[in-house]
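Observations on the model geometry
Chain by chain, the residues:
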Amino acid sequence: MSAIVSYLRVSTAQQGRSGLGVEAQREAVARFAAAEGLEIAAEFVEIETGKGSDALDRRPELAKALARARALKCPVIVAKLDRLSRDVHFISGLMAHRVAFVVAELGKDVDPFVLHMYAALAEKERALISTRTKAALAAAKARGVQLGNLDDGMRAKGVAALKVEADRAASNVLPIIAEIQKSGAKTLRAVADALNARGVATPRGGKWGAQSVKNALARS
């Protein structure tokens, strides 16, 4: 099997601690590698703020992934292009390291020029979102809407509402998990695979992973 180096990235320490995003990326990369006959020789996980992160010295795990890929003479794989960056200049700089990149959602044989085009589109989309957000905030302010951070009382109510919703979602899926465990599933991964096979979605509408099953069981 051909070797490949996996690079996963989340944008905040909170996401890194919770596993939010990392598990989904890992599963996407694993599915792609299995389908293409690739062996994941190493995995590097980056947790950074996202803001001002488009510099290699702020991405030590990416630098390690590049070095490992050069040593193995193999590509680096990411689940989505934005896990590398939405900045065209940064993507171009990475290409100068003479390490090939594979983007799971785009396919194995995408030309580097096409990656540049996708990065340019993502950068433009980010700029448009920022412009629209600023315009919407200005319009809201003009209508007299009070802008700013939520006070402690409102924030506490929001957190409480989210907890109630999470508990409700867990109570719906826990009986299914119990049934799966009784049928012989011994690990969190086995339970997750069984839930996905049955077409049961997570509370966010995604696929189950070991961490999401663990989170649901923690609410039992």
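Structure: see above.
This report concerns the structure included in the present document. (Residues numbered from 1 in each chain as written. Predicted model: local features only at pLDDT ≥ 70, side-chain atom pairs only at ≥ 80, totals over all residues. Heavy atoms only, no water.)

This part covers helix α4 (residues 88–95). Residues F90, I91 and L94 constitute the buried set of α4. The buried side chains of α4 occupy one side of the element, clustering within an arc of 100 degrees when seen end-on. (Buried < 20%, exposed > 50% of the residue type's maximum accessible area, 1.4 Å probe, protein only. Helix = DSSP H or I, 4+ residues; strand = E, 2+ residues; numbered from the N terminus. Arc of directions from axis to C-beta.)

Tracing the backbone shows A190 in helix α7 (residues 188–197). On the basis of relative accessible area, A190 is assigned to the partly exposed category, the value being 28%.

One finds V5, Y7, L62, V76, L84 and L94 to be the most contacted residues of the largest nonpolar core, which totals 19 residues. When residues of this core are traced back to their parent elements, those giving at least two are β1 (2–10), β2 (38–47), α3 (60–72), β3 (76–78), α4 and β4 (101–103). Looking at this core element by element, the count peaks at four residues for α3. Excluding anything up to four places from it in sequence, L84 contacts Y7, R9, R59, L62, V78, F90, I91, L94 and F101. (Core = buried A, V, L, I, M, F, W, Y, C linked by side-chain atoms within 4.5 Å. Contact = heavy atoms within 4.5 Å.)

One pass over the structure, following the stated rule, counts eight salt bridges. With a closest N to O distance of 2.5 Å, R189 and E23 form a salt bridge. Here the residue R189 occupies a position in helix α7, and E23 occupies one in helix α2 (residues 22–36), the gap between them amounting to 166 residues. Looking at R189, the relative accessible area reads 33%, which means it is partly exposed. Its relative accessible area of 16% is what places E23 among the buried residues. Ionic pairing is found between R83 and D82, a salt bridge with its closest N-O pair at 3.0 Å. Across the pair, exposure class does not vary: R83 and D82 are buried alike. Through salt bridges with shared partners, a single network forms among E23, R26, E27, E43, R189 and D193. (Salt bridge = Lys/Arg side-chain N within 4 Å of Asp/Glu carboxyl O.)

Right, let's talk about the packing of α7 against helix α8 (residues 210–218) for a bit. For the pair α7 and α8, the least separation of the axes is 8 Å and the interaxial angle reads 95 degrees. Between α7 and α8, the angle falls in the class roughly perpendicular. Of the residues in α8, those in contact with L188, R189, V191, A192 and L195 of α7 are A210, V213, K214 and L217. Here the residues of the contact of α7 with α8 sort into seven nonpolar, no polar and two charged. (Axes fitted to C-alpha atoms, helices over the stretch in contact; angles between N-to-C directions. Parallel < 35°, antiparallel > 145°, perpendicular 65-115°, else oblique. Nonpolar A, V, L, I, M, F, W, Y, C, P; charged D, E, K, R; others polar.)

Turning to the sheet that holds β4, a few remarks are in order. Strands sit in the order β2-β1-β3-β4 across an open sheet of four strands; the sheet is parallel. Every other strand in the sheet has two partners, leaving β2 and β4 as the edge strands with one partner each. Ignoring which end each strand starts from, the neighbouring axes of this sheet average 30 degrees apart. Sheet topology note: the β3/β4 ladder contains three bridges and is parallel. (Pairing = 2+ DSSP bridges.)

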